[in-house]
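Each chain is listed here by its residues.
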Amino acid sequence: MEQWIRLSGGGIAAPIRLTLAPLILLWAAGCATTGKGPSERLPVSVSAANYSQLSDEELYSAINAPVAVLSGAPTLHQHSTPHRYLIVPGAVYPNDVPMDTVYREVESALEKRGYFNAAHEKKEGRVPARIDYILRIHYGTRLWLNPTVRGDRITWGNDGLVASRYNMGLISDFSRDQRVGITPEEALETTRLFDALRAGDGTKGDSAAANAYQMMNEHVTTEFFVDNELRVARNFYLVVVEAFRFDDVVAIDKKAHCVWAVFVAVPVDEGQKFSDVLRAMLQTATPYFGETTHGLQIQQVLAGKVILGKPEAVP
């Protein structure tokens, strides 16, 4: 299970500001009010990759293509042959929705694309003809920067929102995943480190400190600055669905590759709950299951609150 960080308040030093990239500006415009009602619109972003159909170069180009702001939903296509799957939990971050309810909302969205949960058929006394996929689902509230799918070849054994080689701190690992950004606490730590290195750790003319400062400055400027502004993470509501072929997982376990993944996110607005945005998020993501997006896709959609409670089976 991945760690999550709770913001405890407090400001950031004056030189550190949130990046004002067009994407962030759009999200900020969509989050100007407190606690959106069902008639208000949410800025929902979707990133998707069908890894099985993409070369490494095509995957990189798709993920890093310019942001697309859509005026309407894309065409919804349903598979002519039904696909059956089982769900397993991934990383679960703080939220107000029971796991069963999250899965029910995911199932509802997937059915529109021709994906069906084989566990329900078994409960009804029917034996599924075959199970095609195992879906791993991450969801909840997470500090994040750029809500796109992973650009590496995800495997069953390398789970989580970022690759295992990235699960280290800013200072200790120069290959940190830029999608995550850095927390306000890390931003403050970075400026303090810069100040200490710049001052030679109290000793003027310290060449070792000067070299360390230069190396850190080049790395952090390259990796975490845009237009001279530090890329600081903010809270997002997110749902990430990763699909693995059932037969691959059974045969080769941890080495089984992810076939496709979808990353859907909404920036957290003050007074808003995960249950307020979950349905709108998944309905927006529905056309993208099993597909590839070229650049982050953003739509302004109506909020749709999830009614919490015990689900009732219907024929």
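What comes next is a walk through the structure. (Residues numbered from 1 in each chain as written. Predicted model: local features only at pLDDT ≥ 70, side-chain atom pairs only at ≥ 80, totals over all residues. Heavy atoms only, no water.)

### A word on the overall build of the protein
Right, on to step 1. Helices and strands together make up the secondary structure of the protein, namely 8 helices and 10 strands.
Right, on to step 2. Residue pairs in contact within the protein that sit at least 24 positions apart in sequence constitute 81% of those at least 6 positions apart. (Helix = DSSP H or I, 4+ residues; strand = E, 2+ residues; numbered from the N terminus. Contact = heavy atoms within 4.5 Å.)

### Observations concerning the packing of aromatic side chains
The description of two aromatic rings rests on the distance between their centres and on the angle between their planes.
Right, on to step 1. On inspection of all chains with the given rule, the structure shows 8 aromatic pairs.
Right, on to step 2. Aromatic pair Y115 and Y133: ring centres 6.1 Å apart, planes at 50°, arrangement tilted. Here Y133 lies in strand β5 (residues 133–144) and Y115 lies in strand β4 (residues 115–117), a separation of 18 residues in the sequence. Taken individually, Y115 and Y133 each receive the classification buried, so the pair is uniform in this respect. (Phe/Tyr/Trp six-rings, centres within 6.5 Å; stacked < 30°, edge-to-face > 60°. Buried < 20%, exposed > 50% of the residue type's maximum accessible area, 1.4 Å probe, protein only.)

### Some points on the nonpolar core
Right, on to step 1. One finds L135, V239, W260 and F274 to be the most contacted residues of the largest nonpolar core, which totals 37 residues.
Right, on to step 2. In terms of residue count, helix α8 (residues 274–285) provides more of this core than any other element does, 7 residues in total.
Right, on to step 3. Once residues within four sequence positions are removed from consideration, F274 is found in contact with N95, D96, V97, V102, Y139, G140, Y237, L238, V239 and M281.
Right, on to step 4. Residues Y93, I134, L161 and A256 belong to the second largest nonpolar core, which totals 25 residues. (Core = buried A, V, L, I, M, F, W, Y, C linked by side-chain atoms within 4.5 Å.)

### Observations concerning the sheet that holds strand β2 (residues 68–69)
Neighbouring strands of a sheet are bound in pairs by backbone hydrogen bonds; such pairs are parallel or else antiparallel.
Right, on to step 1. Here 8 strands make up an open sheet; going across it, the order is β2-β10-β1-β9-β8-β5-β3-β4 and the pairing mixed. Of all strands in the sheet, those bounded by a partner on one side alone are β2 and β4.
Right, on to step 2. Where strand β1 (residues 41–50) and strand β9 (residues 258–267) come together, 6 bridges link them in antiparallel fashion. Bridging from a neighbouring strand, A48 pairs with V262 of β9.
Right, on to step 3. On the sheet, helix α3 (residues 99–111) packs against β3 (83–92), β4, β5, β8 (234–245) and β9 and is oriented at approximately 140° with respect to β3.
Right, on to step 4. The strands touched by α8 are β1, β5, β8, β9 and β10 (297–302); relative to β8, the strand with the most contacts, the crossing angle is about 45°. (Pairing = 2+ DSSP bridges. Axes fitted to C-alpha atoms, helices over the stretch in contact; angles between N-to-C directions.)

### Re the pattern of salt bridges
Right, on to step 1. The full count for this structure, using the stated rule, is 8 salt bridges.
Right, on to step 2. Note that E242 and R136 form a salt bridge whose closest N and O atoms lie 2.9 Å from each other. Of this pair, E242 sits in strand β8 while R136 sits in strand β5, placing them 106 residues apart in sequence.
Right, on to step 3. Each of R130, D132 and D247 takes part in one network of salt bridges that share partners. (Salt bridge = Lys/Arg side-chain N within 4 Å of Asp/Glu carboxyl O.)

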